[in-house]
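Listed below are the residues making up each chain.
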Amino acid sequence: MLIVTSNCQPADELEIDGAWVRATPPNRDVTAAYLVIRNLSDQPRELLSVETPAAEYTELHTMRQVDDMMEMKKIEHLVVPPQGAAVLEPGGNHIMLFGVSRSLAEGDSVSLTLRFADQSTRTVTAEVLKSHP
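Analysis parameters
Residues numbered from 1 in each chain as written. Predicted model: local features only at pLDDT ≥ 70, side-chain atom pairs only at ≥ 80, totals over all residues. Heavy atoms only, no water. Helix = DSSP H or I, 4+ residues; strand = E, 2+ residues; numbered from the N terminus. Buried < 20%, exposed > 50% of the residue type's maximum accessible area, 1.4 Å probe, protein only. Contact = heavy atoms within 4.5 Å. Core = buried A, V, L, I, M, F, W, Y, C linked by side-chain atoms within 4.5 Å. Phe/Tyr/Trp six-rings, centres within 6.5 Å; stacked < 30°, edge-to-face > 60°. Lys NZ or Arg CZ within 6 Å of the ring centre and 35° of its normal. Salt bridge = Lys/Arg side-chain N within 4 Å of Asp/Glu carboxyl O.

Participant: I keep staring at the overall build of the chain and nothing clicks. Help me out?
Facilitator: Along its length, the chain carries zero helices and 10 strands. The helix and strand sequence of the chain, counted from the amino end, reads β-β-β-β-β-β-β-β-β-β. Residues classed as buried in the chain amount to 40% of the 133 residues present. The contacts in the chain between residues at least 6 apart in sequence include a share of 65% that link residues at least 24 apart.

Structure follows, in structure tokens:
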């Protein structure tokens, strides 16, 4: 008996949940987006970038404690481990939105397109909230 296996990664092996964007403060054009990416496959997945029509550009960032201060730093990619999850949340890894084109108020929604190293993309709708749900 011949068994053929494939290294293809079906779209349903990634789940994206809980996407939300922080409402923009008055006269500010920067905010952050948060979500959870679950990888149901046996291979790691790399998130390379995020695009949204709501901002001029985005960056992946991480937060870390340096002495007595929290420091935010840009990262080039985010690995989602096999059979694991990457949690993007306040105070940790997150997506920064720069040059937000219009004020984002609670109740609005924002489209986010996540681009992965394997050339796949996922588009989700993120609800705009004032604070963590």
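Participant: Just to check I follow, could you spell out the nonpolar core for this structure?
Facilitator: Across soluble globular proteins, nonpolar side chains show a tendency to be buried alongside one another. One finds Leu35, Ile37, Leu47, Ile95, Leu112 and Leu114 to be the most contacted residues of the largest nonpolar core, which totals 28 residues. Excluding its chain neighbours within four sequence positions, the residues that come into contact with Leu114 are Ile16, Leu35, Ile37, Leu47, Ser49, Val50, Ser120, Thr121, Arg122 and Val124. If you look at the next biggest cluster of nonpolar residues, it comprises seven residues, including Trp20, Val30, Tyr34 and Met96.

Participant: Any chance you could explain the packing of aromatic side chains here in plain terms?
Facilitator: Taken as a whole and judged by the stated rule, the model has two aromatic pairs. Ring geometry for Trp20 against Tyr34: centres 4.7 Å apart, planes inclined by 35°, an arrangement best described as tilted. Within this pair, whereas Trp20 is found in strand E1 (residues 14-22), its partner Tyr34 is found in strand E2 (residues 30-39), the two being separated by 14 residues in sequence. Accessibility expressed as a relative area gives 3% for Trp20, which makes it buried. Centre to centre, the rings of Tyr57 and Phe98 are 4.9 Å apart; their planes meet at 15°, and the pair counts as stacked. On the criterion of sequence distance, the pair formed by Tyr57 in strand E4 (residues 55-66) and Phe98 in strand E8 (residues 94-100) is long-range, its members being 41 residues apart. For Tyr57, a relative accessible area of 42% translates into the label partly exposed. Looking at Arg45, its charged tip hangs above the ring of Phe116, at a distance of 5.6 Å from the centre.

Participant: Is there a simple way to think about the pattern of salt bridges in this case?
Facilitator: Opposite charge on two side chains lets them pair, provided their charged atoms get close. Inspection of every chain in the model, using the stated rule, returns five salt bridges. Ionic pairing is found between Glu51 and Arg115, a salt bridge with its closest N-O pair at 2.8 Å. Of this pair, Glu51 sits in strand E3 (residues 45-51) while Arg115 sits in strand E9 (residues 109-116); the two residues are 64 residues apart in sequence, bridging distant segments of the chain. For Glu51, a relative accessible area of 38% gives the class partly exposed. Given the relative accessible area of 32%, Arg115 is considered partly exposed. For the salt bridge of Glu71 with Arg64, the shortest nitrogen-to-oxygen distance reads 2.7 Å. Given a relative accessible area of 41%, Arg64 falls into the partly exposed group.

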